[in-house]
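Breakdown of the fold
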Amino acid sequence: MNQDARGIQGHRVARQGYTEIWLRPVTGGHAVALYNLGENETTLQLDLARLGLPRVPRALDLWTHENVKLGRGALDVKLPRHGSAAFRLETESA
């Protein structure tokens, strides 16, 4: 994610308790990172429309390098304690 030619910094778009969601525009779409800063495992719902990304045809899990299926524009992500997840979202307009 840090090698995008545009070099635009990410910003926090959501925070609830010990969880945070960060978003960054990259060439061809967006990168999104989810963080669990707490002591307990948790599940975050990544709702793409709430992030202003209603049409995302493809998502890539940046840790496993596998394509992720987006059910109805949302993704439930299980995060271990002090864990994170990161995805590259290819937007239609890209």
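Procedures and definitions
- Residues numbered from 1 in each chain as written.
- Predicted model: local features only at pLDDT ≥ 70, side-chain atom pairs only at ≥ 80, totals over all residues.
- Heavy atoms only, no water.
- Patch = residues over 30% accessible without salt bridge, like charges linked within 9 Å, V, L, I, M, F, W, Y side chains within 5 Å.
- Areas by Shrake-Rupley, 256 points an atom, 1.4 Å probe, with all protein chains shown as cover.
- Salt bridge = Lys/Arg side-chain N within 4 Å of Asp/Glu carboxyl O.
- Helix = DSSP H or I, 4+ residues; strand = E, 2+ residues; numbered from the N terminus.
- Core = buried A, V, L, I, M, F, W, Y, C linked by side-chain atoms within 4.5 Å.
- Buried < 20%, exposed > 50% of the residue type's maximum accessible area, 1.4 Å probe, protein only.
- Contact = heavy atoms within 4.5 Å.
- Pairing = 2+ DSSP bridges.

1. Focus on a nonpolar patch on the surface
A contiguous nonpolar patch, built from Tyr18, Trp22, Tyr35 and Leu37 and spanning about 430 Å² of accessible area, is present on the exposed surface. Tracing the backbone shows tryptophan 22 in strand E2 (residues 19–26).

2. Things to note about the nonpolar core
Counting residues in hydrophobic clusters, the biggest one holds 18 residues, and the most contacted among them are Val32, Leu34, Leu46, Leu48, Phe87 and Leu89. Those elements that place two or more of their residues in this core are E2, strand E3 (29–36), strand E4 (42–47), strand E7 (74–79) and strand E8 (84–90). Sequence-distant contacts of leucine 48, that is, excluding residues within four places in its chain, are made with Leu53, Pro54, Val56, Leu70, Gly73 and Leu89.

3. Regarding the sheet that holds E8
Taken in spatial order, the 6 strands of this open sheet run E1-E2-E3-E8-E5-E6, and their pairing is antiparallel. The open sheet terminates on both sides in strands that have one partner only, identified here as strand E1 (11–16) and strand E6 (66–67). Both E3 and E8 contribute to a ladder of 7 bridges, which runs antiparallel. Along E8, the bridge assignment pairs histidine 30 with leucine 89.

4. Considerations on unusual backbone geometry
Trans peptide bonds make up the majority, and among non-glycine residues the majority have a negative phi. At histidine 65, a residue that is not glycine, the phi angle is positive and equals roughly 60°. Structurally, the position occupied by histidine 65 is in the loop between strand E5 (58–61) and E6. Backbone geometry at histidine 82 places phi at a positive 55°, although glycine is not the residue there.

5. Focus: the pairing of E3
With 7 of 8 residues buried, E3 lies mostly within the body of the structure. Across 8 bridges, E2 lies against E3 in antiparallel orientation. Bridging across to E3, isoleucine 21 finds its partner in leucine 34. Joining the antiparallel neighbours E2 and E3 is a turn of 2 residues, in which glycine 28 adopts a positive phi near 85°.

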